[in-house]
Each structure stands twice: as C-alpha cells, then as structure tokens.
Amino acid sequence: MTDVALYHWEPNANSGKPMLALMEKGVAFDSHYLDLLNFDQHKPAYLAVNPLGTIPAMTHGDRVLTESTAIMEYVDEAFDGPRLMPGDPVDQWRVRWWMKFMDQWLGPSFSMIGWSIFIGPSVRQKDPAELEAAIERIPMPERRVAWRKAIGGTFSAEEMAESQRRVGLGIVFLEQALAKREWLASDSYSLADINGFNLAYALPLSQPTLSNDTLTPNIMRWLRAIYARPATKACWAMGRTPMAKRVAILEGKPA
Ligand SMILES: N[C@@H](CCC(=O)N[C@@H](CS)C(=O)NCC(=O)O)C(=O)O
C-alpha cells in the first residue's frame, strides 16, 4: 500500500527526475504512465490532476505536486532513505546551481533537439485533423507552439543552431566539473546527478562527436556510474520507447 502516485512519461528529462529520485529513496509509488505521443497529458483524467497538462505530477495523500525539480526536493525531504541533498551549504548551493542551469538554460535546448528529431517524427504521420484537434486541446499556448513546430518540422535554423551551441557548451561545463569531483555537485550522489543524467544519458549517441570516451572521459565515467546503480537500472527498465532504450549505450565497455 502506498499513498504516492506518480504521473509520468518515459524515464527521460522531466519525468525521469522524480521517478529516479523516488526509486533511489526506495519509496514505493503507483506508476501512472501517460503516453505523451498519444496526448494522454491533455485528457480530462490527467487535467484533473494537473490542469496545465504537463508531466510529471505526483500526488502524496491529498497533496498534488508539480514541477519536476521541486518534486525531487520534496521527495528527498519527505521520505526516509539515502539523502540526495548534501548537508554542506556550499554543496547545496552547487546542487541548486546545476539544477537551475539545467532546468532554465541547458534542458530547453536538449528538449528542442529531442522534439525536433524524436517527438515530431513520431506523431506527424497521424491524421492531420486528429492532430489539429489534439493541439487545440493543449491548455498552455507555449506548448501548442512547441507541438506545432515539432509536427511541422519548423523549428528555425537559428533556434536549432542556438540549442546545439548550448548543448556543446553544456558538455564542456559538465566535463570540467566532473574532472574536479566524482559527482557533479558534491562528493556524494545528489539530485544534481539525477537531474543531469536525465538530460545526458544518451549523449554518446546523440552527440557522438562532442561526447565520447576520448573527448569527455569524465562525463562517460559519470554516466556509466549512474547507470550502474540498481535504482537507475530499474527506472530505465520502465522505458517503453526507443528514446529511453538508448541508455543501452552505457552498457558497452569504455573504448
Ligand atoms: N518545468 C516543468 C516542465 C514540464 C514539461 O513541460 N514536461 C513536458 C515533458 S518533458 C510535457 O509535459 N510536455 C507535454 C506537452 O507539452 O504536451 C517540469 O520540470 O516539470
């Protein structure tokens, strides 16, 4: 019996953050898989949980919690299990620095590339009238814009180039930080690592010329170490799409 329910899509980006935090803490939860490619997140049953129609959302008893990073912090505070926020104030600052950097600056760029190469091509063959009706049901205007661009393949060359530039710079920042310490923000595994893994787990596949064993050995070491954790393995085993299955690249031995 659990009074925790998580509404999520794949172990990836925002959905994967609370999934992995809950699993690291050993918190049992009822998993409600929403198929983002089938627009489940805009259907009345889910809008009753999160009227914004974005995933993830978590319920704990009668509390409804949204925003993936804030949910992770709640999970760490509200439940027993290994601490995912370090105790030292400077380490805490570094965890929050990375999470802000990833959520506000780097994550949206990974997301634009993912929506352009995976989400759009995965749905655009559906009936155009059905797609238009599905888009009209999206509560947030900015999400309607993202869906239209993904389906139409109309992210501009400038915005795609800017996203690629940010991803390239993010890889440099990650490699520099991971050359200094074992984990991203402190000497212990933390929410920053969970956040980062959700963005970066497929880097050696998605950005092979920028991230590989030769150019970014510390990122590769870090990704493999996170994927070797039992909670990560169990979490990514919940993936249903080819996107989450890309994590298998981390099973290979270093070159
Ligand atoms: N800032 C929010 C963003 C949530 C969000 O936009 N999630 C995406 C999936 S990663 C989503 O729900 N997209 C569905 C849609 O736009 O229809 C969070 O971190 O939870």
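Refer to the preceding data block for the structure.
Residues numbered from 1 in each chain as written. Predicted model: local features only at pLDDT ≥ 70, side-chain atom pairs only at ≥ 80, totals over all residues.

J.: Outline the overall build of the protein, supporting the account with residue identities and numerical values.
T.: Helix and strand counts for the protein stand at 12 helices and 4 strands. Against the 2.2 N^0.38 benchmark of 18 Å for 255 residues, the protein shows a C-alpha radius of gyration of 18 Å, consistent with a compact globule. By principal-axis analysis of the C-alpha atoms, the protein measures approximately 50 × 45 × 30 Å. Looking at the protein residue by residue over its 255 residues, the buried ones come to 36%. Within the protein, contacts between residues at least 6 apart in sequence are counted, and of these 71% link residues at least 24 apart. (Helix = DSSP H or I, 4+ residues; strand = E, 2+ residues; numbered from the N terminus. Rg over C-alpha atoms; globule rule 2.2 N^0.38 Å. Buried ≥ 20, exposed ≤ 12 C-beta atoms within 10 Å, placed from the backbone. Contact = placed C-beta atoms within 7 Å.)

J.: Can you explain the environment of Asp91? Please cite residues and give values.
T.: Note that Asp91 resides in helix H4 (residues 89–123). In the structure, Asp91 is positioned 62 residues away from Gly153 in sequence and 41 Å away in space, judged by C-alpha atoms. Setting aside residues no more than four positions away along its own chain, Asp91 makes contact with Pro86, Ala185 and Ser186.

J.: Go over the site of the ligand with me, naming the residues and quoting the values.
T.: Inspection of the region around the ligand gives Ala13, Asn14, Ser15, Leu36, Gln41, Thr54, Ile55, Pro56, Glu67, Ser68, Ile138 and Arg143 as its neighbouring residues. Here the shell around the ligand takes 3 residues from helix H1 (residues 13–25), the largest share from any one element. (Near = placed C-beta within 6 Å.)

J.: Give a description of the sheet that holds strand S4 (residues 63–66) that names residues and reports values.
T.: One open sheet accounts for 4 strands, arranged S2-S1-S3-S4; its pairing is mixed. On the outer flanks of this sheet lie strand S2 (30–33) and S4, each paired with one strand and no other. Pairs of neighbouring strands in the sheet enclose a mean axial angle of 20°, with direction left out of account. Packed on one face of the sheet, H1 meets strand S1 (4–8) and strand S3 (57–60) and runs near 150° to S1. (Pairing = 2+ DSSP bridges. Axes fitted to C-alpha atoms, helices over the stretch in contact; angles between N-to-C directions.)

J.: Any chance you could break down the environment of Ala21 for me, citing the residues and the numbers?
T.: Tracing the backbone shows Ala21 in helix H1. Since 28 C-beta atoms lie within 10 Å of it, Ala21 is described here as buried. Put simply, Ala21 and Leu191 are 170 residues apart on the chain and 7.4 Å apart in space, counted from C-alpha to C-alpha.

J.: Mind laying out unusual backbone geometry, listing which residues take part and the relevant values?
T.: Ile55 connects to Pro56 through a cis peptide bond whose omega is 15°. Of note, the phi angle at Phe39 is positive, near 60°, even though the residue is not glycine. Along the chain, the position of Phe39 falls in the loop between S2 and helix H2 (44–47). For Phe39, a count of 21 C-beta atoms within 10 Å corresponds to the buried category. One non-glycine residue, Glu67, lies in the positive phi region at around 75°. In this structure, Glu67 sits in the loop between S4 and helix H3 (68–78).

J.: Any details on the nonpolar core? Residues and values, ideally.
T.: Core analysis: the biggest nonpolar cluster contains 52 residues, and Ala21, Leu191, Ala200, Ile219 and Leu223 have the highest contact counts within it. Look past the residues within four positions of Ala200 in its chain and what remains in contact with it is Leu174, Ile219 and Leu223. (Core = buried A, V, L, I, M, F, W, Y, C linked by C-beta atoms within 7 Å.)

J.: How would you explain helix H8 (residues 191–200) if you had to name every residue and give the values?
T.: Residues spaced three or four apart along an α-helix point in a common direction, a consequence of the helix completing one turn every 3.6 residues. Extensive coverage of H8 is indicated by the burial of 10 of its 10 residues. All buried positions along H8 are accounted for by Leu191, Ala192, Asp193, Ile194, Asn195, Gly196, Phe197, Asn198, Leu199 and Ala200.

J.: How would you summarise the packing of H3 against H8 if you had to cite specific residues and measurements?
T.: Contact pair H3 / H8: the axes reach a minimum separation of 11 Å and the direction vectors enclose 145°. By crossing handedness, the relation of H3 to H8 is classed as right-handed. Where H3 abuts H8, its residues Thr69, Met72, Glu73 and Asp76 lie against Leu191, Ile194 and Asn195. Here the residues of the contact of H3 with H8 are counted per class, giving 3 nonpolar, 2 polar and 2 charged. (Left-handed = near helix turned anticlockwise from the far one by under 90°. Nonpolar A, V, L, I, M, F, W, Y, C, P; charged D, E, K, R; others polar.)

J.: A description of the pairing of S4 should follow, citing residues and the corresponding values.
T.: On a regular strand, one side chain projects to one face of the sheet and the next to the other, so that they alternate. Here 4 bridges tie S3 to S4, and the two strands are oriented antiparallel to one another. Counted as the bridge partner of Met58 is Leu65 from S4. Connecting the antiparallel pair S3 and S4 is a turn made up of 2 residues, with Gly61 showing a positive phi of about 60°.

J.: Lay out the packing of H4 against H8 with the relevant residues and their values.
T.: Remark: H4 packs on H8, axes separated minimally by 9 Å, with the N-to-C direction vectors making an angle of 10°. With respect to H8, the element H4 is oriented roughly parallel. Judged by residue contacts, Val95, Trp98, Met99, Met102, Leu106, Gly107 and Phe110 of H4 engage Leu191, Ala192, Asn195, Gly196 and Leu199 from H8. Residue classes in the contact of H4 with H8 are distributed as 9 nonpolar, 3 polar and no charged. (Parallel < 35°, antiparallel > 145°, perpendicular 65-115°, else oblique.)

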